[in-house]
Structure formats: C-alpha cells, structure tokens
Amino acid sequence: MKKIVDLSFHIEVGMPFFPSGKHTPFEVSKTCTIETAGREIRKFTIGSHCGTHIDAFCHFIPGGLSIDELPLNRVAGEALLVNLAPLQPQTVIEIDDIAGKMTDEKIEKLIIRTGWSKFWKTEQYFKDWPLLSNKCAKFIIEKGVKLLGLDFPSPDPAYKGKENEKDSPIHKLLFKNDVILVEYLNNLAELGEGKIFFSAIPLKLKDFDGSPVRAAGWRI
Ligand SMILES: [Zn+2]
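As a starting point, this report considers the structure included with it. (Residues numbered from 1 in each chain as written. Predicted model: local features only at pLDDT ≥ 70, side-chain atom pairs only at ≥ 80, totals over all residues. Heavy atoms only, no water.)

So, the overall build of the chain
- A count of helical and extended segments in the chain gives four helices and 13 strands.
- Whereas a compact globule of 220 residues would reach a radius of gyration of roughly 17 Å, the chain reaches 18 Å, a difference of no more than 12%.
- When the backbone C-alpha atoms are referred to their principal axes, the chain occupies close to 60 × 50 × 35 Å.
- A separation of at least 24 residues holds for 74% of the contacts in the chain among residues at least 6 apart in sequence.
- Taken as a whole, the chain presents about 11,500 Å² of accessible surface, with 53% of it coming from carbon and sulfur.
- Averaging the positions of the 29 positive and the 29 negative side-chain charges in the chain gives two centres separated by 2 Å. (Helix = DSSP H or I, 4+ residues; strand = E, 2+ residues; numbered from the N terminus. Rg over C-alpha atoms; globule rule 2.2 N^0.38 Å. Contact = heavy atoms within 4.5 Å. Areas by Shrake-Rupley, 256 points an atom, 1.4 Å probe, with all protein chains shown as cover. Lys, Arg positive; Asp, Glu negative; His and termini not counted. Charge placed at Lys NZ, Arg CZ, Asp CG, Glu CD.)

Structure below.
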C-alpha cells in the first residue's frame with residue numbers, strides 16, 4: 001500500500017489566516033465535557049478560506065458553482081505535480097517555468113510546488129508570496145487544466161482596493177475558465193514530482209464560496 005501523504009495544515013486556534021480584514025480566525029469551545037456530561041462535544045467558528053482550502057467559483061463570480069455543486073471528480077483524481085522549489089519571494093511563475101514539465105497528454109489537475117509552505121506560521125507566509133503571471137494562467141487554461149493546486153496563499157498579489165480589474169485578476173480568469181483553485185497545500189515535497197493521485201474533497205457546504213479540505217496525495 002502506497003503512503004497517503006497528508007497535504008493539509010492543522011486547523012487549530014492561533015493558526016494564520018489571510019490578513020485582509022475579510023477573514024475570520026478559527027475559534028473553538030466545548031459545549032460539554034466528559035467530566036460534566038459524559039461526553040465531549042465542541043463547536044467551532046471557521047472562515048471558508050481558512051487553512052488548506054478549496055475555492056468555488058462563486059467566491060468571485062456571481063452565480064458561479066458553489067462548493068456543494070462541484071462534482072467530486074473535479075476535486076479528486078490523477079494530477080501532475082510540478083516542482084519549482086525553492087522559489088524566492090515575489091517570484092512570478094511564467095510559462096517557461098512549467099511548460100517543459102507538462103506532458104502532451106491531457107492534464108486536468110495541476111499541482112505546483114514552490115516550497116512556500118515552509119513559511120507557514122511565520123510573517124513571510126502572507127508577505128511577497130509567489131505569483132502566477134497572466135500569460136501562465138492562460139497557458140494552464142489552454143492546456144485543459146480544471147484544478148490548480150498551490151502551496152502558497154494566492155496566485156494574485158495582495159491588493160487592498162475595490163477596482164474590479166485589479167482585485168484578484170488571476171482568480172477571476174481561472175474561475176471564468178472553469179479552473180478550481182486549491183490553496184495553502186502542505187508537505188508536497190514528500191511526493192517528489194510527476195504523476196500523483198490528488199484529493200481535496202470539501203465539506204458539503206450548501207451554497208458556500210470555499211471550504212477547508214483535508215488534502216491528500218500519493219504517487220502513482
Ligand atoms: Zn480561497
């Protein structure tokens with residue numbers, strides 16, 4: 001049996017979350033304990049883009065598919081893992097960085113490793129992360145990719161504003177072209193490079209824009 005590699009970060013109190021002011025910290029409390037009630041039950045509050053998570057199209061596109069509407073074949077299956085690690089802060093990933101690693105056969109799921117996950121729980125994680133160029137995003141779309149997994153926070157630069165064309169343009173380009181995003185992947189180094197089975201099945205949250213996932217993968 002091949003080792004199934006856990007590609008997720010822990011969901012825990014104090015975990016980092018996207019510092020835009022729009023996301024919520026993870027919080028947890030016990031509604032009862034074994035000592036007081038013979039059983040332990042907890043409740044938690046979590047943002048839909050907290051930790052390793054998947055974005056649905058309705059995160060940015062009005063009327064776009066929500067988390068519960070994503071067919072499971074779209075979020076689990078054969079994938080190509082491309083290794084670009086270690087990338088320096090603010091590196092823009094271009095077509096040339098990945099084109100040579102993409103085979104001619106159809107690749108529906110593409111996972112890009114940059115090594116950025118090592119900065120989780122440091123100030124660097126949400127600062128100057130690697131980016132995806134517009135041309136590279138278009139190349140990925142033209143290749144037929146329908147799921148893009150990243151080990152960094154976002155394919156877009158941080159932008160605090162409301163102008164539509166400047167706010168998360170790569171997210172919008174990918175979503176308009178039917179490409180699902182999985183962000184904050186961890187432990188990709190354990191899978192090396194090449195063909196893997198990848199799974200990022202979200203909770204069945206009705207009408208949700210995103211969901212934490214227990215992402216996992218194994219070599220095939
Ligand atoms: Zn997200």
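After that view, the rundown keeps rolling.
What about the coordination of the zinc ion?
- The coordination sphere of the zinc ion contains the protein donors His 49 (ND1), His 53 (NE2), Asp 55 (OD) and Glu 183 (OE), at a distance range of 2.0 to 2.5 Å.
- Note that the zinc ion binds four donor atoms; their angles at the metal cover 75 to 168 degrees, and the shape is irregular.
- The sequence pattern formed by the donor residues of the zinc ion is H-x3-H-x1-D-x127-E. Placement of Asp 55 in strand E4 (residues 53-55) and of Glu 183 in strand E10 (residues 180-183) is noted, with a sequence separation of 128 residues between them.
- Relative accessible area serves as the criterion here: at 0%, Asp 55 is assigned to the buried category. (Donors = N, O, S within 2.8 Å, 3.2 Å for Na, K, Ca; no water. Tetrahedral: all angles 85-135°; square planar, octahedral: opposite > 155°, others 65-115°. Buried < 20%, exposed > 50% of the residue type's maximum accessible area, 1.4 Å probe, protein only.)

Observations concerning the pattern of salt bridges
- In total, this model carries 11 salt bridges according to the counting rule given.
- Across the pair Lys 106 and Glu 108 runs a salt bridge, and its minimum N-O distance is 3.1 Å.
- With a relative accessible area of 63%, Lys 106 lands in the exposed category.
- Between Asp 178 and Lys 146 there is a salt bridge, with the nearest N and O atoms lying 3.8 Å from each other. With Asp 178 in the loop between helix H4 (169-176) and E10 and Lys 146 in the loop between helix H3 (134-142) and strand E9 (147-150), this pair connects stretches of sequence that are 32 residues apart.
- A residue is classified by how much of its surface remains accessible, and Asp 178, at 29% relative accessible area, is partly exposed. (Salt bridge = Lys/Arg side-chain N within 4 Å of Asp/Glu carboxyl O.)

Things to note about the nonpolar core
- One finds Ile 98, Leu 110, Ile 112, Leu 148 and Phe 198 to be the most contacted residues of the largest nonpolar core, which totals 61 residues.
- Counting residues per element, the ones that place at least two in this core are strand E5 (76-83), strand E7 (109-113), strand E8 (131-132), H3, E9, H4, E10 and strand E11 (194-199).
- The leading source of residues in this core is H3, at five residues.
- Beyond its immediate sequence surroundings of up to four residues, Ile 98 is in contact with Val 82, Leu 84, Ile 93, Leu 110, Ile 112, Cys 136, Phe 139 and Ile 140. (Core = buried A, V, L, I, M, F, W, Y, C linked by side-chain atoms within 4.5 Å.)

So, the sheet that holds E9
- If you walk across this open sheet you meet the nine strands as E1-E13-E11-E5-E7-E9-E10-E4-E12, and the pairing is mixed. Two strands in the sheet have a free side with no partner beyond their single neighbour: strand E1 (5-6) and strand E12 (210-212).
- Relative to E7, E5 runs parallel, the two being bridged by four bridges. Within E7, the residue paired with Val 82 across the bridge is Ile 112. (Pairing = 2+ DSSP bridges.)

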